Amino acid sequence: MSNTPSPIKIAVLVSGSGSNLQTLIDQCQSGYIPGQIALVISNKADAYGLTRAKNHQIPTMVIDHTDFPNREAFDRALQEKIDQTQVDLICLAGFMRILTEGFVRHFKGRLINIHPALLPAFPGLGVQQKAIDAGVRFSGATVHFVDEGVDTGPIITQAVVPIQDDDDAKTLATRILQQEHKIYPLAVKLFAEKRLSLEGRRVRIKDFPNTENQALISPNEAP
Ligand code: GRF
C-alpha cells in the first residue's frame, strides 16, 4: 500500500492582492502540497486574488458582504457555497471579514488563517505598526486554526522576523510577507499529509523531530 496521501481539496478566501493565494497555487502545482485549490471566493469583486485564480483556471466566486442584511446571512451564503464544493480545508488568505461563531464551528478543524504577527502578540488589524510602536525586537507571521475568537486559535507554524531600526509598517510588512509565503504552504502541506493533531491548545506535528522545530523559525522544510 502506498503512503502517499490522496490530494486534498482546498477553498481559499481572499479580499485583496492574494499573494498568499499565489504561493498556495504554486506549491500545489509543484507537488509540495498534495492538494488542489478547488475554489477561490472573494467578498470583493475587484480583489486581485480573483485574477490570480483565473490565470490558473481555478473556479472563482464573488460573494459581496454588502448584498446581505447581516453577518449571519453572509456567512450562511459562504458556508453553503463551500459545502457544495466539498473541500477538506478552507484557507483564509487576507480575507478581511470576521466570521460568525456558527461558521467557525461548522468548519472547525479545517479552517486556517495567516496573520502577520507572532500570535498571541498583536491580534487584529494594523499589526505591523503596532509591533513597531510597542518596540518589540521581533515580529513575524503565524498560521493557526481558526476558533471563535479573533486570531486566537491553535498555532500551526510561525516564522520570526527581526524589526530593524529604520522599519516602517510597509518595510516590515514586506519582510513578514516573504515569511508568510513559506509558512503558509508548510502548514497546508502538513495538514494535507494528515500530520497535524490537537492536544489542548497545542498543535502536534507527526514525524517532525524536535531538531526540525527550527524549520518553523527559518523554514528549511518550506519551499
Ligand atoms: C497578509 O499579510 C496576511 O497575513 C493578512 O493579510 C495579508 C494578505 O496578503 N491576513 P495577500 O493578499 O495574501 O497578499
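A quick note: this is a predicted structure, and the numbers were derived from the prediction, not measured. (Residues numbered from 1 in each chain as written. Predicted model: local features only at pLDDT ≥ 70, side-chain atom pairs only at ≥ 80, totals over all residues. Heavy atoms only, no water.)

**Q** Just checking my understanding: could you explain the overall build of the chain for this structure?
**A** Of the regular secondary structure elements, the chain holds 6 helices and 9 strands. A globule of 223 residues ought to have a C-alpha radius of gyration of about 17 Å, and the chain, at 17 Å, matches this closely. Projecting the C-alpha coordinates of the chain onto the three principal axes gives extents of approximately 50 × 45 × 35 Å. Counting only residues that meet the buried cut, the chain has 48% of its 223 residues in that class. For the chain, the accessible area works out to roughly 11,100 Å², and carbon and sulfur atoms hold 50% of it. Charged side chains in the chain number 23 positive and 24 negative. The centres of these two groups are separated by 3 Å. (Helix = DSSP H or I, 4+ residues; strand = E, 2+ residues; numbered from the N terminus. Rg over C-alpha atoms; globule rule 2.2 N^0.38 Å. Buried < 20%, exposed > 50% of the residue type's maximum accessible area, 1.4 Å probe, protein only. Areas by Shrake-Rupley, 256 points an atom, 1.4 Å probe, with all protein chains shown as cover. Lys, Arg positive; Asp, Glu negative; His and termini not counted. Charge placed at Lys NZ, Arg CZ, Asp CG, Glu CD.)

**Q** So what exactly am I meant to see when it comes to the site of the ligand here?
**A** Near the ligand the following residues occur: S17, G18, S19, N20, G94, I114, H115, P116, L177 and E180. In this structure, G18 approaches the ligand through a main-chain N or O atom, which is 2.7 Å from an oxygen atom. Contact with the protein chains covers 82% of the free accessible surface of the ligand, which is 360 Å². More than half of the atoms of the ligand fall within 2 Å of the grid points belonging to the largest pocket. At the level of elements, α1 (19-30), β5 (111-115) and α6 (169-192) are the ones that each hand at least two residues to the shell around the ligand. Here the shell around the ligand is built from residues that sort into 3 nonpolar, 6 polar and 1 charged. (Near = heavy atom within 4 Å. Polar contact = N/O pair within 3.5 Å; in protein donor to acceptor, adjacent residues only side chain to side chain. 1 Å grid on protein atoms, 1.4 Å probe; cavity = no way out; pocket = protein on both sides within 12 Å on 5 of 7 lines; lining within 4 Å. Sits in = over half its atoms within 2 Å of the grid points. Nonpolar A, V, L, I, M, F, W, Y, C, P; charged D, E, K, R; others polar.)

**Q** How should the pattern of salt bridges be read in this particular structure?
**A** Once the charged atoms of two side chains with opposite charge are near each other, the side chains can pair. The final tally for this structure, using the stated rule, is 7 salt bridges. With a shortest N-O distance of 3.0 Å, E148 and K108 are connected by a salt bridge. Highlighted residues: E148 in the loop between β6 (138-145) and β7 (155-162) and K108 in the loop between α4 (101-106) and β5, separated in sequence by 40 residues. Under the relative-accessibility criterion, E148 is labelled partly exposed at 31%. Residue class for K108 comes out partly exposed when judged on its relative accessible area of 46%. (Salt bridge = Lys/Arg side-chain N within 4 Å of Asp/Glu carboxyl O.)

**Q** Help me understand the pairing of β5, please; the structure alone is not making it clear to me.
**A** Here is the key point about a regular strand: its side chains alternate between the two faces of the sheet. Among the 5 residues that make up β5, 5 are buried, leaving the element largely enclosed by the rest of the structure. Burial along β5 is two-sided: the residues L111, N113 and H115 and I112 and I114 are all buried. As defined by bridge partners, strand β4 (residues 89-92) adjoins β5 across 3 bridges and the pair is classed as parallel. Across the sheet, residue C91 finds its bridge partner in β5, namely I112. Of the pairings in the sheet, the one linking β5 to β6 comprises 4 bridges and is antiparallel in character. Residue pairing across strands places N113 opposite H144, the latter belonging to β6. (Pairing = 2+ DSSP bridges.)

**Q** Please explain the side chain of T23 as it appears in this structure.
**A** Relative to the helices and strands, T23 resides in helix α1. Taking the relative accessible area as the measure of exposure, T23 reaches 13% and is therefore buried. From its side chain, T23 meets the backbone oxygen of N20 in a polar contact 2.8 Å long. When residues no more than four places from it in sequence are discounted, the contact partners of T23 are H181 and P185. (Contact = heavy atoms within 4.5 Å.)

Geometric values such as these leave the question of function open.
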